[in-house]
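Given next are the chains, with one letter for each unit.
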Amino acid sequence: MAITWDKSLSTGLSDIDAQHQDLIRQINALSAAMAAGKGRDELGRMLDYLGKYAIDHFTKEEAAMTRYRCPAAEANKQAHRQFVARFQELRAKFSTQGAQASMAIDIYSELSNWLIKHIRGIDVQLAQTVGAQPVGASH
């Protein structure tokens with residue numbers, strides 16, 4: 001089932017939202033590949049993408065939360081650390097066991113569930129602090 005972007009996922013920062021939208025596109029591509037029986041083929045590419053995405057996106061998002069003094073900044077860092085640890089476990093499993101259909105399903109399920117819960121539970125709190133900045137404040 002595809003994830004659909006909507007305003008309930010907005011952080012108030014266009015660059016962060018664009019990164020979230022790209023991740024959603026990637027997750028949906030994995031879902032489509034799985035539906036076509038090609039999830040195993042797509043799995044390695046998805047893991048490579050996630051490794052790069054996590055470093056770049058998490059760094060930018062954490063800096064934005066610090067810059068805007070978002071009250072969820074520490075919870076966000078902690079959630080990111082937990083995600084990275086879980087990602088490393090999945091990557092290691094992929095390295096030792098190779099691409100398996102069950103792994104593609106597990107990664108899709110974990111990633112899509114984590115992403116929506118994380119954005120709606122933590123990231124959107126950034127929108128409240130961004131909106132509270134004085135006019136002319138840099139985004």
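Structural notes, computed from the coordinates. Treat the numbers as computed from the prediction; the structure is a model and nothing was measured.

1. Some remarks on the pattern of salt bridges
Working step 1: Summed over the entire model, instances satisfying the criterion amount to 8 salt bridges.
Working step 2: In this structure, a network of salt bridges that share partners links the residues Arg86, Glu89 and Glu110.

2. As for the packing of aromatic side chains
Working step 1: A complete count under the given rule lists 4 aromatic pairs for this structure.
Working step 2: Aromatic pair phenylalanine 58 and phenylalanine 83: ring centres 5.7 Å apart, planes at 80°, arrangement edge-to-face. Note that phenylalanine 58 is positioned in helix H2 (residues 39–67) and phenylalanine 83 in helix H3 (residues 73–97), a separation of 25 residues in sequence. Each member of the pair phenylalanine 58 and phenylalanine 83 is classed as buried.
Working step 3: One aromatic cluster is present, built from ring pairs that chain together Phe58, Phe83 and Trp114.

3. Some words on the nonpolar core
Working step 1: Among the nonpolar cores identified, the biggest contains 26 residues, and Leu23, Ile27, Leu43, Met46, Leu50, Phe83 and Ile107 are the most heavily contacted of them.
Working step 2: The element that contributes the greatest number of residues to this core is H2, accounting for 8 residues.
Working step 3: With residues near it in sequence (within four places) discarded, leucine 23 still touches Tyr49, Leu50, Tyr53 and Leu115.
Working step 4: Core analysis: the next-biggest nonpolar cluster, separate from the first, contains 12 residues, Met65, Ala72, Ala73 and Ile122 among them.

4. Notes on unusual backbone geometry
Working step 1: A positive phi angle, near 55°, is found at arginine 69, a position not held by glycine.
Working step 2: Mapped onto the elements, arginine 69 comes out in the loop between H2 and H3.

5. Thoughts on the packing of helix H1 (residues 14–35) against helix H4 (residues 101–123)
Packed helices, taken two at a time, are described by the angle their axes make and the gap between the axes.
Working step 1: Remark: H1 packs on H4, axes separated minimally by 10 Å, with the N-to-C direction vectors making an angle of 155°. Taken together, the axis directions place H1 and H4 in an arrangement best described as roughly antiparallel. Our pair here, H1 against H4, has a crossing hand that is left-handed. Of the residues in H4, those in contact with His20, Leu23, Ile24, Ile27, Leu30, Ser31 and Met34 of H1 are Ala104, Ile105, Ile107, Tyr108, Leu111, Ser112, Leu115, Ile119 and Asp123.
Working step 2: Of the residues assigned to the contact of H1 with H4, the class counts are 12 nonpolar, 3 polar and 1 charged.

6. Considerations on the environment of alanine 75
Working step 1: With respect to the helices and strands, alanine 75 occurs in helix H3.
Working step 2: Alanine 75 sits 26 residues away from alanine 101 along the chain, and the two C-alpha atoms are 33 Å apart.

7. Quick notes on the side chain of aspartate 123
Working step 1: Looking at the element boundaries, aspartate 123 is found in helix H4.
Working step 2: The buried charged residue aspartate 123 lacks any salt bridge, with arginine 120 as its nearest oppositely charged partner at 11 Å.
Working step 3: Side chain to side chain, aspartate 123 and histidine 20 meet in a polar contact 3.1 Å long.
Working step 4: Excluding residues that lie within four positions of it along the chain, aspartate 123 makes contacts with Thr11, His20, Glu61, Met65, Asn76 and His118.

8. A few points about H3
One turn of an α-helix holds 3.6 residues; hence residues three or four places apart share an orientation.
Working step 1: When the terminal C-alpha atoms of H3 are compared, their 36 Å separation across 25 residues agrees well with the 36 Å that a helix rising 1.5 Å per residue should span.
Working step 2: Of the positions making up H3, those classed as buried are Ala73, Asn76, Ala79, His80, Phe83, Phe87, Leu90 and Phe94.
Working step 3: Tucked inside the fold, the buried residues of H3 contact H2 and H4.
Working step 4: Trailing H3 by a residue or two, glycine 98 shows a phi angle of about 80°, which is positive.

Calculation rules
Residues numbered from 1 in each chain as written. Predicted model: local features only at pLDDT ≥ 70, side-chain atom pairs only at ≥ 80, totals over all residues. Heavy atoms only, no water. Salt bridge = Lys/Arg side-chain N within 4 Å of Asp/Glu carboxyl O. Phe/Tyr/Trp six-rings, centres within 6.5 Å; stacked < 30°, edge-to-face > 60°. Helix = DSSP H or I, 4+ residues; strand = E, 2+ residues; numbered from the N terminus. Buried < 20%, exposed > 50% of the residue type's maximum accessible area, 1.4 Å probe, protein only. Core = buried A, V, L, I, M, F, W, Y, C linked by side-chain atoms within 4.5 Å. Contact = heavy atoms within 4.5 Å. Axes fitted to C-alpha atoms, helices over the stretch in contact; angles between N-to-C directions. Parallel < 35°, antiparallel > 145°, perpendicular 65-115°, else oblique. Left-handed = near helix turned anticlockwise from the far one by under 90°. Nonpolar A, V, L, I, M, F, W, Y, C, P; charged D, E, K, R; others polar. Lys, Arg positive; Asp, Glu negative; His and termini not counted. Polar contact = N/O pair within 3.5 Å; in protein donor to acceptor, adjacent residues only side chain to side chain. Expected span 1.5 Å × (residues − 1).

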